[in-house]
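# Observations on the three-dimensional arrangement
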Amino acid sequence: MNTGHGLSSIEQVPVIDLEAEEKVLIDQIYGACSRFGFFQVVNHGINADLIDRYREQCREFFEGLDLKHKRASKRSADNARGFFDDELTKQRRDWKEALDGGMPFSRDWALPDRDPLNAGLDGYNQFPSTAILPHFRDTFVEYFQACEKLSDRLAVLMARALGAHGDEALVRDLRAHHTSYLRTNFYPMCPNENNNSIDSPLGISPHNDAGFLTVLLQDNDCHSLQVYLRETDEWSTVHPLPNALTINTGDMAQVWSNGRYQAPSHRVLTNPNQVRYSAPFFYNPGYETWVQPLQATDSGIEEPDFYHPILWGYFRAARFAGDFTDLGIEIQISDYETSRVDSSPHRQLQKVFVREGWCRRPFSADAYRELLKITQCP
Ligand SMILES: O=C(O)CCC(=O)C(=O)O
Ligand SMILES: [Fe+2]
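Residues numbered from 1 in each chain as written. Chains lettered and ligands numbered in written order. Predicted model: local features only at pLDDT ≥ 70, side-chain atom pairs only at ≥ 80, totals over all residues. Heavy atoms only, no water.

### Concerning the overall build of the protein
Looking only at helices and strands, one finds 9 helices and 16 strands in the protein. Intrachain contacts of the protein at a sequence separation of at least 6 include 76% that bridge at least 24 residues. Summed over its atoms, the accessible surface of the protein is roughly 16,000 Å², and 51% of this surface lies on carbon and sulfur atoms. (Helix = DSSP H or I, 4+ residues; strand = E, 2+ residues; numbered from the N terminus. Contact = heavy atoms within 4.5 Å. Areas by Shrake-Rupley, 256 points an atom, 1.4 Å probe, with all protein chains shown as cover.)

In structure tokens:
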């Protein structure tokens, strides 16, 4: 396998025009999700002016504010949302800063961010104050809601492409209870002499997104996102088209499709001469939602389930606690494969998690760590 960082792309992921007729779209979505797990969409319905305004707010936050003001919104062991510049992906520190904000636990954007009703499993939002960036929160919410709408449309198409009803259970559940969040990544220039070597730092190390799907706004000037293509065993750069959004499927779509859709591994390179921005919107299930392989679809394909059901709130909490500190235990969808001979502790622990009401409790990395320790030493 060629793991050098500076490869030019071998094959490009597909581009799908969302104004095409439905039958064509469904075929294209099936091909893109099953072969690549990555594609770009054009005519996606998100207004170009809104995208520009959102980009501008992100620049004002990351390059306009000093670190002291950014750190005023810093996430903590009691709150997964906010600013951070210390993320670990696969125990390796990423060369980036980021700001996460998401669906309020109350589902009501009109409530103040710190209202007690907003203290949910992912924590509460921390945006720069209106005194500092007057339009940040409003623009964020407007762009967030546009991504919600696009994600719902894509989920319907993904269900139909599997031969299921567009209003299939998980699609409806996502619409009503999703717990999505919008992350903005800022990658500073990385003054590294060996930028194309295997030892260079990465913007983000190889990973899969955990949720259902991701709507990713890329940087038109700096192309550093690469997806791993299984078929050709290559890392391929995803060059964004000017008015496109990049879509990728996540672990939950892989489980739900019983492995027919793939959550692809992807990574971000650093750049010594340019800064880069990106903004993934992670479309995630409800905390109390059990994600499992689709039952008998119209396609008539009868196959055994390859995965046991996964409780999203538990998966998210365990994954985040692991990103935040070294837990000594990782959670992956392979822990839920039905072909596993040994039963993973996560399968039992998620039952305790939901029974004891953890899905409705405020976020606490320390509490999750304790919970995970219990299963490691039964
Ligand atoms: O920066 C990018 O283009 C991708 C970011 C990403 O993969 C992530 O934040 O999960
Ligand atoms: Fe990602």
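### Here's the deal with the sheet that holds strand E2 (residues 38-42)
In spatial order, the strands read E1-E2-E12-E9-E14-E7-E6-E3; together these 8 strands make up an open sheet with mixed pairing. Bordering the open sheet on either side are strand E1 (15-17) and strand E3 (82-84), each of which pairs with just one other strand. In this sheet, adjacent strand axes meet at a mean angle of 25 degrees when their direction is disregarded. Sheet topology places strand E9 (residues 213-217) next to strand E14 (residues 276-283); 5 bridges connect them, and they run antiparallel. Bridge pairing in E14 places Leu 217 opposite Ala 279. Sitting on the sheet, helix H2 (residues 48-62) is in contact with E3, strand E6 (97-102), strand E7 (181-187), E9, strand E12 (245-249) and E14, with an inclination near 60 degrees to E7. (Pairing = 2+ DSSP bridges. Axes fitted to C-alpha atoms, helices over the stretch in contact; angles between N-to-C directions.)

### With respect to the coordination of the iron ion (ligand 2)
Six octahedral donors around a metal ideally make angles of 90 or 180 degrees; four tetrahedral donors ideally make 109.5 degrees. The protein atoms that coordinate the iron ion (ligand 2) are His 207 (NE2), Asp 209 (OD) and His 266 (NE2), at distances of 2.2 Å. Mapping the donors of the iron ion (ligand 2) onto the primary sequence yields the spacing H-x1-D-x56-H. Separated by 59 residues along the polypeptide, His 207 in strand E8 (residues 204-207) and His 266 in strand E13 (residues 266-268) bring together distant segments of the chain. In terms of burial, His 207 and His 266 fall into one category: buried. (Donors = N, O, S within 2.8 Å, 3.2 Å for Na, K, Ca; no water. Buried < 20%, exposed > 50% of the residue type's maximum accessible area, 1.4 Å probe, protein only.)

### Considering the site of ligand 1
Around ligand 1, the surrounding shell holds 13 residues, and the nearest of these are Tyr 187, His 207, His 266, Arg 276 and Ser 278. One of the side-chain nitrogen or oxygen atoms of Asn 185 is found 3.1 Å away from an oxygen atom of ligand 1. With respect to ligand 1, the side chain of Asp 209 contributes an N or O atom lying 3.3 Å from an oxygen atom. Protein burial of ligand 1: of its 290 Å² of free accessible surface, 97% is covered by the chains. Elements that contribute at least two residues to the shell around ligand 1 include exactly E7, E8, E13 and E14. Residue contributions to the shell around ligand 1 peak at 4 residues, all from E14. Classifying every residue of the shell around ligand 1 by side-chain character gives 7 nonpolar, 4 polar and 2 charged. (Near = heavy atom within 4 Å. Polar contact = N/O pair within 3.5 Å; in protein donor to acceptor, adjacent residues only side chain to side chain. Nonpolar A, V, L, I, M, F, W, Y, C, P; charged D, E, K, R; others polar.)

### Side note on the packing of helix H1 (residues 22-35) against helix H4 (residues 136-161)
Any two packed helices are characterised by the angle at which their axes cross and by the distance between the axes. H4 packs onto H1 with a crossing angle of 85 degrees between their chain directions and a minimal axis gap of 9 Å. The pairing of H1 with H4 is recorded here as roughly perpendicular in orientation. Where H1 abuts H4, its residues Glu 22, Leu 25, Ile 26, Ile 29, Tyr 30 and Cys 33 lie against Arg 153, Leu 154, Leu 157, Met 158, Arg 160 and Ala 161. The class makeup of the residues in the contact of H1 with H4 is 9 nonpolar, no polar and 3 charged. (Parallel < 35°, antiparallel > 145°, perpendicular 65-115°, else oblique.)

### Comments concerning the packing of aromatic side chains
The full count for this structure, using the stated rule, is 30 aromatic pairs. Ring geometry for Phe 62 and Phe 83: centres 6.4 Å apart, planes at 45 degrees, overall tilted. Linking Phe 62 in helix H2 with Phe 83 in strand E3, this pair joins segments that are 21 residues apart in sequence. For the pair Phe 62 and Phe 83, one class covers both residues: buried. Look at Phe 140 and Phe 144: their rings are 6.2 Å apart centre to centre, the planes differ by 25 degrees, and that puts the pair in the stacked class. Of the two residues, Phe 140 and Phe 144 are both situated in helix H4; the distance of 4 residues between them amounts to about one turn of the helix. Phe 144 gets classed as buried once you look at its relative accessible area, which sits at 0%. Lying across the ring of Trp 235, Arg 267 places its NZ or CZ 4.1 Å from the centre. Across the ring face of Trp 358, the terminal group of Arg 361 is positioned such that the distance to the ring centre comes to 4.2 Å. (Phe/Tyr/Trp six-rings, centres within 6.5 Å; stacked < 30°, edge-to-face > 60°. Lys NZ or Arg CZ within 6 Å of the ring centre and 35° of its normal.)

### With respect to the pattern of salt bridges
By the definition in use, this model includes 17 salt bridges. The residue Arg 360 makes a salt bridge to Glu 288 at a minimum N-O spacing of 2.8 Å. Taken together, the residues span a long stretch of sequence, with Arg 360 in the loop between helix H8 (345-355) and helix H9 (365-376) and Glu 288 in the loop between E14 and strand E15 (290-291) at a distance of 72 residues. Overall, the relative accessible area of 37% leaves Glu 288 in the partly exposed class. (Salt bridge = Lys/Arg side-chain N within 4 Å of Asp/Glu carboxyl O.)

### Re the environment of Asn 248
Counting through the fold element by element, Asn 248 comes out in strand E12. Sequence separation between Asn 248 and Ala 155 is 93 residues, and the spatial gap between their C-alpha atoms is 12 Å. Of note is the side chain of Asn 248, whose polar atom sits 3.1 Å from the side chain of Asp 209.

### Comments concerning the confidence of the model for the protein
Here the protein averages 90 in pLDDT, while 89% of its residues score no lower than 70. Taken together, the stretch residues 1-9 has pLDDT below 50 and engages in 26 contacts with residues farther than four places along the chain or on a different chain. Per the prediction output, this complex has pTM 0.94; the corresponding ipTM is 0.99. (pLDDT = per-residue confidence, 0-100.)

### So, the side chain of Gln 126
Along the polypeptide, Gln 126 turns up in the loop between E6 and H4. Under the relative-accessibility criterion, Gln 126 is labelled buried at 8%. Of the polar contacts made by the side chain of Gln 126, one reaches the backbone oxygen of Arg 81; its length is 2.9 Å. Within the local environment of Gln 126, its side chain forms a polar contact with the side chain of Arg 114, the two groups lying 3.1 Å apart. Not counting chain neighbours up to four residues away, the residues in contact with Gln 126 comprise Ala 72, Ser 73, Lys 74, Arg 75, Asn 79, Arg 81, Gly 82, Leu 99 and Arg 114.

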